[in-house]
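A structural walkthrough
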Amino acid sequence: MRSSVRLGKIFGIPISLHLTFILFVAFLGMVYAFQGGAKAAISGVSFILALFLSVTLHELGHSLVARAFGVKVSGIVLLPIGGVSQMEEMPEQPSREFLIAVAGPATSIVLGLLLGGASLLLYGPAATFKTTVTGGLFIPNLARVNLLLAIFNLLPGFPMDGGRIFRAALANAMPFDRATAIAASVGRVFAIGLGLVGLFTNIWLVFIAVFIYFGAGSEANRVRIKTAFHDVPVSRVMATKFETLNPDDRVSRAVEHAYNGFQEDFPVVMDNELVGVLMKQDVLAALHQFGPGALVGRVMRKQFTTVTTDQTLEQVYAAIQACGCSSLPVLEADRIVGLVTLEALGRYLVFAGAGSGASRA
Ligand SMILES: [Zn+2]
């Protein structure tokens with residue numbers, strides 16, 4: 001399940017390598033060894049380590065500025081096309097998002113210029129401005145790679161810093177969700193263009209284009225959901241008429257309820273107290289393993305997540321995603337008063353989205 005390997009911490013921020021980064025580095029290492037033998041492989045690998053350090057510094061640029069704004073940074077993951085700083089919640093003040101997004105490319109540009117300056121002093125302009133990609137000297141190459149890193153990350157699509165910078169600029173003049181939608185559309189159009197260019201020039205560009213295209217979509221979705229659910233009380237979508245089970249009931253009772261209604265997950269209640277939940281997959285597993293006569297109390301989940309009536313849909317959605325559940329019991333003063341399902345949240349999104357569209361037209 002884990003797709004990355006933890007390396008260590010810098011400034012208290014955990015750094016890990018994504019498997020694709022490791023594959024990428026291994027692939028390059030093999031190419032170096034194949035082309036030039038052991039000596040080329042050693043210089044190739046040390047260059048890769050320097051490249052890895054450059055990407056880490058780029059991400060640290062983001063992370064340290066974010067942390068200065070009080071954003072919790074849970075770690076940095078390095079991917080072949082750059083890195084990802086995992087932050088708990090990006091600030092929605094455009095100026096802050098702008099500074100966090102700019103900090104990475106700015107770090108790369110400063111590194112590139114410093115290395116370029118060192119190269120000028122050491123090797124002179126001919127070696128520094130040499131345009132071939134393969135071969136060449138370590139320091140000028142590293143300078144070039146850092147500048148490339150900055151340029152790539154300034155591409156105007158969402159997982160890239162350029163997308164965030166663009167949205168922050170738009171968000172100064174319009175609501176955050178609209179700014180996101182526009183930035184995502186521009187990112188998608190840009191990705192299609194980049195992909196087409198890549199098809200005829202460099203397949204690597206196609207890979208980046210796909211990454212931007214889907215990244216733009218998922219960011220637009222995330223913000224759309226967050227905006228729709230913001231400040232909406234859970235009572236808006238929770239079912240207040242629902243069936244409950246008793247621990248002494250048989251699983252067949254859950255099946256009957258499922259046949260006769262829309263409910264697939266059941267709170268298990270004893271003496272007015274919620275003691276467990278029986279999800280659809282638990283019912284299926286119990287039928288398979290023990291048959292319809294199994295006692296609910298034996299097969300129900302005793303560890304489960306609940307929400308309370310004073311929580312918003314935004315919080316409920318985060319909770320339901322975190323537990324991977326299809327529904328959550330809603331409590332008030334420790335008693336169950338409702339059931340909120342993923343389906344109901346989805347319905348709310350559809351109708352709330354349609355409603356806001358009509359009011360804007
Ligand atoms: Zn970046």
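Criteria and thresholds
- Residue positions are given per chain, counting from 1 as you read along its sequence in written order.
- In view of the model being predicted, local features appear only for residues whose pLDDT reaches at least 70, and side-chain atom pairs are presented and counted only at 80 or more, with totals across whole chains, interfaces and linings using the full set of residues.
- Side-chain numbers come from the whole structure's heavy atoms, not from hydrogens or water.
- The disulfide criterion used throughout: a pair of cysteine sulfur atoms within 2.5 Å.
- Only protein atoms enter the 1 Å grid, on which a cavity is a set of points fitting a 1.4 Å probe that cannot get out and a pocket is an open set with protein on both sides within 12 Å along at least 5 of 7 lines, lining residues being those with an atom within 4 Å of a point.
- Grid points are joined across faces, edges and corners, and a volume is the space filled by probe spheres set on the points.
- Here a helix means four or more residues in a row that DSSP labels H or I, a strand means two or more in a row labelled E, and each is numbered from the N terminus.
- Here a salt bridge means any side-chain nitrogen of Lys or Arg lying within 4 Å of a carboxyl oxygen belonging to Asp or Glu.
- The buried label applies to any residue whose accessible area, calculated with a 1.4 Å probe on protein chains only, is under 20% of its type's maximum; exposed applies above 50%, and partly exposed to all values in between.
- Donors, by definition, are the N, O and S atoms found within 2.8 Å of a metal, the threshold being 3.2 Å for Na, K and Ca, and water is not counted, so a site can look incomplete.
- Working rule for geometry: tetrahedral if four donors all subtend angles between 85 and 135 degrees; square planar for four, octahedral for six, if opposite donors exceed 155 degrees and the others stay between 65 and 115; irregular in every other situation.
- Only strands that DSSP links by at least two bridges are regarded as paired with each other.
- Take the buried residues of types Ala, Val, Leu, Ile, Met, Phe, Trp, Tyr and Cys, join any two whose side-chain atoms come within 4.5 Å, and each joined set is a nonpolar core.
- In this analysis, two residues are considered to be in contact whenever any of their non-hydrogen atoms come within 4.5 Å of each other.

This part covers the state of the cysteines. On inspection of all chains with the given rule, the structure shows one disulfide. Cys323 shares a disulfide with Cys325; S-S distance 1.9 Å.

With that out of the way, let us pick up the layout of surface pockets. When its volume is computed, the second largest pocket comes out at roughly 860 Å³. If you list the elements that add at least two residues to the lining of the second largest pocket, you get helix 1 (19-68), strand 3 (73-79), strand 4 (82-87), helix 2 (94-128), helix 4 (161-171) and helix 6 (203-229). Per-element tally for the lining of the second largest pocket: the top contributor is strand 4, with six residues.

Applying the stated rule across the entire model yields ten salt bridges. Lys226 is the salt-bridge partner of Glu314, the closest N and O atoms lying 2.9 Å from each other. Placement of the pair is Glu314 in helix 10 (residues 313-323) and Lys226 in helix 6, with a sequence separation of 88 residues. Taking the relative accessible area as the measure of exposure, Glu314 reaches 22% and is therefore partly exposed. A relative accessible area of 18% means that Lys226 is categorised as buried. Across the salt bridge formed by Arg301 and Asp282, the nearest N and O atoms sit 2.9 Å from each other. Of the two residues, Arg301 is situated in the loop between helix 9 (296-299) and strand 7 (307-308) and Asp282 in helix 8 (residues 280-290); the sequence distance between them amounts to 19 residues. The partly exposed category is assigned to Arg301, whose relative accessible area is 28%. One continuous salt-bridge network, built from bridges that share partners, spans Glu97, Arg164, Arg167, Glu219 and Arg222.

Taken together, His58 (NE2), His62 (NE2), Asp161 (OD) and Asp161 (OD) make up the full set of protein donors to the zinc ion, lying 2.0 to 2.6 Å away. Relative to the metal, the four donor atoms surrounding the zinc ion lie at angles of 54 to 153°, and the coordination shape comes out irregular. All donor residues of the zinc ion come from one chain, and their arrangement in sequence is H-x3-H-x98-D. Of the two residues, His58 sits in helix 1 while Asp161 sits in helix 4, which places them 103 residues apart along the sequence. Just as His58 is buried, Asp161 falls in that class too.

Now for the pairing of strand 5 (residues 266-270). Counting buried positions over the five residues of strand 5 gives four, a clear majority of the element. The antiparallel hairpin formed by strand 5 and strand 6 (residues 273-278) contains two residues in its connecting segment, where Asp271 sits at a positive phi of about 50°.

On to the nonpolar core, then. Leu313, Leu328, Val340 and Leu345 are the most contacted members of the largest nonpolar core, which totals 21 residues. Those elements that place two or more of their residues in this core are helix 6, helix 10, strand 8 (327-332) and helix 11 (342-360). Residues in contact with Val340, not counting those within four places in the same chain, are Val234, Val237, Met238, Val307, Val316, Ile320, Ser326, Ser327, Leu328, Val330 and Leu345. If you look at the next biggest cluster of nonpolar residues, it comprises 16 residues, including Ile13, Phe21, Ala66 and Ile76.

It is worth stressing that arrangement in space is one thing and function is another; only the former is reported here.
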